[in-house]
Amino acid sequence: MKYLLLKTFLIGSLSLAMVTGCRKDYYTDTGLSTPSFDGNMLEFLQSKPYMFDTLVHIIKAAGLEDYFTDSTITFFAPADSSIRSTFLFINRNLRSLGHDTLMSVDNIKPEFWRNTLMMYMFSGARGMDNYPQLDMQNLSSFSGEFVRSVGGRVMNVGVNFGDANGIKYIGYRSLNFSYVPNPAAPYQGWWSTRVATSNIRPKNGYCHVLVFGTHYLGFDPQQALANAMYIGFQ
């Protein structure tokens, strides 16, 4: 199956609706609820093809399907728009370097997708309440948690506490997800994104859906380009 451009207009129109709709459904005055899904993680992603059709495709191409069906994991799910952003960035740069451009995500070897997707996967089931507070302006006091992904990358996950009525940390809570490029200097150079919808609970873990439109799969598109060129195309 060929996957070319990844439903730009559909993702754009539906992403805002899902973000606002999910916040209404999953957040109450007493905190976040835990919306359950009667199926495994892969089945949840397959149930939202307008957001995750290409994601499901590359999960299967990368040989990661068993993680999403049989293992207990926490997954920070990038939407198809994030995959598209990285794919187009790679293509633009290949063109500028005088190389042939790619026709579909299938032209990038599965190893690239495997290595990249494993940045977003963590062993065990962890919801928002299982992560510590994060304040990007006060990391010395609230630094979130440094965790290793299934792929061995050092990432940071933390809960942002918003302000309300002029009082710090009593407002809306949301998850922040960051790639830490240099573990030797763990507080420097983060590539960060926000979670749009948290605490979705399939039978085998937690799924936290990342914001749409602004996130590149792999976080750093230049590094993604370098990795893709090193691994090669097909």
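Right above here is the structure, for reference.
As the structure is a computational prediction, the values presented were derived from the model and not from experiment. (Residues numbered from 1 in each chain as written. Predicted model: local features only at pLDDT ≥ 70, side-chain atom pairs only at ≥ 80, totals over all residues. Heavy atoms only, no water.)

### Focus: the packing of helix H5 (residues 80-96) against helix H7 (residues 221-231)
Helix-helix packing is characterised by the crossing angle of the two axes and by the distance between the axes. H7 packs onto H5 with a crossing angle of 70 degrees between their chain directions and a minimal axis gap of 9 Å. By the angle between their axes, H5 is roughly perpendicular relative to H7. H5 and H7 meet at a crossing whose hand is right-handed. Residues Thr86, Phe89, Ile90, Asn93 and Leu94 of H5 pack against Pro221, Gln222, Ala224, Leu225, Ala228 and Met229 of H7. Each residue belonging to the contact of H5 with H7 can be placed in one class, and the counts come to 8 nonpolar, 3 polar and no charged. (Axes fitted to C-alpha atoms, helices over the stretch in contact; angles between N-to-C directions. Helix = DSSP H or I, 4+ residues; strand = E, 2+ residues; numbered from the N terminus. Parallel < 35°, antiparallel > 145°, perpendicular 65-115°, else oblique. Left-handed = near helix turned anticlockwise from the far one by under 90°. Contact = heavy atoms within 4.5 Å. Nonpolar A, V, L, I, M, F, W, Y, C, P; charged D, E, K, R; others polar.)

### A word on the packing of aromatic side chains
Under the criterion given, the structure shown has 16 aromatic pairs. For the ring pair phenylalanine 76 and phenylalanine 122, a centre distance of 5.8 Å and an interplane angle of 85 degrees mean the geometry is edge-to-face. Separated by 46 residues along the polypeptide, phenylalanine 76 in strand E3 (residues 73-77) and phenylalanine 122 in strand E4 (residues 121-123) bring together distant segments of the chain. Each of the two residues, phenylalanine 76 as well as phenylalanine 122, counts as buried. Seen in terms of ring centroids, phenylalanine 76 and phenylalanine 177 are 4.2 Å apart; in terms of plane orientation they differ by 5 degrees. Their pairing is stacked. Placement of the pair is phenylalanine 76 in strand E3 and phenylalanine 177 in strand E7 (residues 173-179), with a sequence separation of 101 residues. Just as phenylalanine 76 is buried, phenylalanine 177 falls in that class too. (Phe/Tyr/Trp six-rings, centres within 6.5 Å; stacked < 30°, edge-to-face > 60°. Buried < 20%, exposed > 50% of the residue type's maximum accessible area, 1.4 Å probe, protein only.)

### Quick look at H5
The end-to-end C-alpha distance of H5 is 24 Å, a good match for the 24 Å that 17 residues give at a rise of 1.5 Å each. All buried positions along H5 are accounted for by Asp80, Ser81, Ser82, Ile83, Thr86, Phe87, Phe89, Ile90, Asn91, Asn93 and Leu94. Where H5 terminates, the next one or two residues include glycine 98, which has phi positive at roughly 85 degrees. (Expected span 1.5 Å × (residues − 1).)

### Description of the pattern of salt bridges
Close approach of charged atoms allows side chains of opposite charge to pair. Tallying each qualifying case throughout the model produces 3 salt bridges. The salt bridge partner of lysine 203 is aspartate 38, with a shortest N-O separation of 3.0 Å. Of this pair, lysine 203 sits in the loop between strand E8 (191-200) and strand E9 (205-210) while aspartate 38 is found in the loop between strand E2 (31-32) and helix H2 (41-46), placing the two residues 165 residues apart along the sequence. Across the pair aspartate 129 and arginine 173 runs a salt bridge whose closest N-O atoms are separated by 3.1 Å. A residue pair is termed long-range when its members are at least 10 positions apart, and aspartate 129 in the loop between E4 and strand E5 (145-148) and arginine 173 in strand E7 qualify at 44 residues. (Salt bridge = Lys/Arg side-chain N within 4 Å of Asp/Glu carboxyl O.)

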